[in-house]
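Observations on the three-dimensional arrangement
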Amino acid sequence: MPTQTIKTKSALPSSNGSDSASSNPERERVFSAYRQWGYLEGDLDPLGFLRPRPTPELEKDGEYAREARAIYSSTIGVEINHIYAPERRRWIYDRMESPASEATEAYEVTEKEDQQRILDLLIRADIFEQVVQQRYLGSKRFSLEGTTALIPLVDEVLDTASRLGAIELVMGMSHRGRLNVIAHVARRAPEEIFAGFEDVDPRSVLGSGDVKYHMGATGEYTTRSGGKVHIHLVSNPSHLEAVDPVTIGRTRAKQDRTGEGGREKYLPLLVHGDAAFAGQGILAETMNYADLPGYTVGGTIHVVVNNLIGFTTSYLEEHSTRFAACIARRQSIPIFHVNGEDVDAVVRVARMAVEYRYQFGSDVVIDMIGYRRHGHSEVDDPTVTQPLLYKKIKEHPPLWEIYADDIGATDAPARAAAIRAEFEAAQKNAGTIKEKPTMRELPRYWNNYFGGLHKPEFEVETGLSSAELSELTQRLTTYPDGFHIHPKVKKLLEQRAEMGTGKRPVDYGMAEALAFASLVKTGTHVRLSGQDSRRGTFNQRHSVLIDIENENEYVPLENIAPGQARCEIYNSTLSEAGVLGFEYGYSRDYPESLVLWEAQFGDFANVAQAIVDQFIAAGEAKWNLLSGLVMLLPHGYEGQGPEHSSARIERFIQLAAKHNLQIAQPSNAAQYFHLLRRQALRHWRKPLIVFTPKSMLRHPDASSPIDDFTHKNFLNVIPDTEVGEADRILICTGKIGHELEAERKKRKDTSTAIVFLEQLYPFPEAEVVAEFDRHGQHADIVWVQEEPANMGAMFNMLPRLKRLAGERPVLTVKRSSSPSPATGSAKAHEVEQRTLLTLAFTKG
Ligand SMILES: Cc1ncc(C[n+]2csc(CCOP(=O)(O)OP(=O)(O)O)c2C)c(N)n1
Ligand SMILES: [Mg+2]
């Protein structure tokens, strides 16, 4: 948690504590109601559509009522009744009720310089949009006009955060105002931004790249007080709010790299639309882990750019609550509503929010209410759906004119003209920029890692010596004297001790522990999170030993060797999209680390499909951004019903192209060990999708002799060396291969080869060809899968196998097509599985 960097102001006479209540009970009674409900009668919507909600608790007459009203039913509305901690509520009341003299020094923007700076930002924000509109008519830009106070708001966030120790702002936002933010927060040269609108050679971006309002940007900001803050605007897909967990994961990784002081140095800021804030569940998932040790970033600043509309949908149709921001009320965090046309109030709120974050390590929400000057994008005509609203907006002056009037800046029109000339000159220059600017610099820690197509020279050896394996085993299977171990876990550790020393075959759980232990020992940080991952859904991991008398914890993986890297394994919240997005984000800023996300059952990963599609599969093609994230997806047909069988191999394999992913199904424990080590030790950074076993976790057929851990590498294909010249080659992945082997033994069949395809993508063509050749020119080739005909890898494999088979026929064995992945009946499952095995061995 952040250290307390700000001094809380001494209690003021008007604070809500019982001390002041006793000093003036009448005043306290009136104020108490306003502190709770004042925001309901606030003047929060510049256009006045969001009418004050008459609240009988709020007295209207008397000196105290007038005083309280000016504070709590003004252009700032604080919604904080739901905060449990009285000292936090009081902290806010104190600031809201500060006497003017103190407030001036701390919060009010009265200094002329500040006003000039704000005016300048407002003019720039507006004129920037207008120049884009004039010069690139018909292009989408998602104008910020109507909520341009966002720019001074962020200016103030940066100033305050910088004074409190921030060196970088990690910012996630969607379309609205993004180009404006790139210009005025990331401070990219306007030429670069305009160049994004100019035509580029289409051959340079065929089938890849992204639209300009999705691209990430980095830059340097000089704050009002002269501080420097690095800006990192995260690349973002159309899917609203999907960038939230990614931004938080990225922030956490940056903080973890820094170690002590990381929470102060890296501040996350998420900018949301009102419709998206209220409607998208992934935001709720992200906010839900804000205070959990595995995921906290010491508080995020959320800004709702609330234009009271989403595309054509009015705020009245967006949410059941009064404000879009009310969804945040389930957390014990403040929500500041503020009228986006009172810029001084916006700035004051921004400062309070950042100070609160640094004081309490908490999330904060700023709900800045304005309007949207144009249609959703500039090609939309909003008068079709909201004719009266847009009539009113048409007559409404831009914010900079209102602000200039308020502060008596008579030179504002002249300044606006000068700024317009500046942007127009930049626009003219933009045409001369030949290459599309990337607008971002990658951090140095990416220097040693590669993307693109796989090359053999990326490969590394992943085996360990027997001596190394037994040393790791010793550390993994022992615990401190006096630790009261659970008898079942004791037995498991005894078995693992035998596995590591060759007395018993090694199972998956031990194989994974050996992989993690070997990596942390040599300095590779490991981070794994997923539901119930510490124990393991299938009771297979036991990464944390729990003392049965006092629940003290001992983590063998954190006690492998002095100076080792950390091995962090977290039970996640019950979320897929939110947690997977976080871990993807983490992997983006920790390439040296092995970052893994585990699904409870592989099926549940489909709840996170947007993260898979938009970031994991397409991130490199769209944004040239790499990730080495591992997804562990339990998969296998075991009669447990439609939702506990399939991790949907077909969906991942369909996403595979240009070596964007690796997809593997290691069929034994040693293969899993080599695969994990390969992922960490190679410098080729590609997401790795692993279909992991369930019943096979401890099955003898899938266990491996310790000698297999000393092999050099992961095998993309496991050859069949038992059968010589085969007349039938069964090619398959995972569990079914072991069942086929058992069936072959039962049948005493000596002419059927069984080849395990361990890596589905990138397809190991040379290894597959070698297997075909080993077994002669005349064998039938049979793809065998457990999944129904409309699922599994079959569709992807058939054309490849046919191409490589030459004259040989290529056949398939699979379940019949089905809308549901698996039967709900264990008995029916048995019959189906038997049929698959029979068909696989039925020749001719
Ligand atoms: C998950 C998702 N659903 C739908 C859309 C289509 N869409 C793009 S913007 C938008 C409206 C967003 O409204 P709001 O969040 O209030 O932001 P604003 O555009 O008003 O700033 C919609 C529905 C989307 N991009 N993502
Ligand atoms: Mg909106």
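Residues numbered from 1 in each chain as written. Chains lettered and ligands numbered in written order. Predicted model: local features only at pLDDT ≥ 70, side-chain atom pairs only at ≥ 80, totals over all residues. Heavy atoms only, no water.

Focus on the pairing of strand 23 (residues 780-788)
- Of all 9 residues that make up strand 23, 9 are buried, and the element is covered over most of its length.
- Where strand 23 lies against strand 24 (residues 810-815), 5 bridges are found, and the strand directions are parallel. Its bridge partner lying in strand 24, V782 is registered against L811.
- As a crossover connection, the stretch from strand 23 through helix 28 (residues 794-805) into strand 24 is right-handed. (Buried < 20%, exposed > 50% of the residue type's maximum accessible area, 1.4 Å probe, protein only. Helix = DSSP H or I, 4+ residues; strand = E, 2+ residues; numbered from the N terminus. Pairing = 2+ DSSP bridges. Right-handed = clockwise from strand over helix to strand, strands pointing away.)

Section: the coordination of the magnesium ion (ligand 2)
- The coordination sphere of the magnesium ion (ligand 2), as far as protein atoms go, consists of D274 (OD), N307 (OD1) and I309 (O), spread over 2.0 Å.
- On the primary sequence, the residues serving as donors to the magnesium ion (ligand 2) are separated as D-x32-N-x1-I. Like I309, N307 is buried. (Donors = N, O, S within 2.8 Å, 3.2 Å for Na, K, Ca; no water.)

Observations regarding the sheet that holds strand 11 (residues 526-530)
- Reading across the sheet, the 7 strands line up as 14-11-15-16-18-17-22 and stay open at both edges, with mixed pairing between neighbours. The open sheet has two edge strands, strand 14 (567-571) and strand 22 (759-761), and neither has a second partner. Direction aside, the axes of adjacent strands within the sheet are offset by 20 degrees on average.
- Relative to strand 14, strand 11 is paired through 5 bridges, and the arrangement is parallel. Counterpart to L528 in the pairing with strand 14 is I569. (Axes fitted to C-alpha atoms, helices over the stretch in contact; angles between N-to-C directions.)

Things to note about the side chain of Q759
- Its place among the elements puts Q759 in strand 22.
- A polar contact is formed between the side chain of Q759 and the side chain of R678, at a distance of 2.6 Å. (Polar contact = N/O pair within 3.5 Å; in protein donor to acceptor, adjacent residues only side chain to side chain.)

Regarding the site of ligand 1
- Surveying the vicinity of ligand 1 reveals 15 residues, the closest of which are H175, R176, S238, D274 and I309.
- In the model, an oxygen atom of ligand 1 is placed 2.7 Å from a nitrogen or oxygen of the D274 side chain.
- Protein chains shield 75% of the accessible area of ligand 1, which is 580 Å² for the free molecule.
- Secondary structure elements with two or more residues in the shell around ligand 1: helix 12 (274-279) and strand 7 (309-310). (Near = heavy atom within 4 Å. Areas by Shrake-Rupley, 256 points an atom, 1.4 Å probe, with all protein chains shown as cover.)

What about the sheet that holds strand 5 (residues 266-273)?
- Within the open sheet, the 8 strands sit side by side as 1-9-10-6-5-2-4-3. Their pairing is mixed. In this open sheet, the two strands that pair with only one neighbour each are strand 1 (76-79) and strand 3 (217-222). Here the average twist between neighbouring strands, direction ignored, is 20 degrees.
- With 4 bridges joining them, strand 1 and strand 9 (residues 335-339) adopt antiparallel strand pairing. Along strand 9, the bridge assignment pairs E79 with I335.

With respect to the confidence of the model for the protein chain
- Looking at the protein chain, pLDDT values average 94 and 95% of them are 70 or higher.
- Overall, residues 1-20 carries pLDDT values under 50, and its contacts beyond four positions in sequence, including any with other chains, amount to 50 contacts. (pLDDT = per-residue confidence, 0-100. Contact = heavy atoms within 4.5 Å.)

Quick word on helix 27 (residues 765-774)
- When helix 27 is considered as a whole, its buried residues turn out to be V768, E771 and F772. Burial along helix 27 is one-sided: seen end-on, the buried residues are contained in an arc of 100 degrees.
- Elements in contact with the buried residues of helix 27: strand 19 (717-718), strand 20 (728-732), strand 21 (752-757), strand 23 and helix 28.
- Two residues or fewer past helix 27, G776 is found with a positive phi of approximately 85 degrees. (Arc of directions from axis to C-beta.)

Regarding unusual backbone geometry
- Here the bond from Y761 into P762 is cis, since omega is -10 degrees, no more than 30 degrees from zero.
- Take P762: it is sitting in the loop between strand 22 and helix 27.
- Even without a glycine there, the phi angle at D532 is positive, about 60 degrees.
- Within the fold, D532 resides in the loop between strand 11 and strand 12 (545-546).
- Positioned with a positive phi, K748 is a non-glycine residue whose angle comes to about 55 degrees.
- On the secondary structure map, K748 appears in the loop between helix 26 (735-747) and strand 21.
- Judged by relative accessible area, which is 70%, K748 ranks as exposed.

Observations regarding the environment of A664
- Tracing the sequence through the fold places A664 in strand 17 (residues 662-664).
- Separated by 99 residues in sequence, A664 and F763 have C-alpha atoms that sit 9.9 Å apart.
- Leave out the neighbours within four places in its chain, and A664 touches L675, L688, I689, V690, F691, F714, E758, Q759 and L760.

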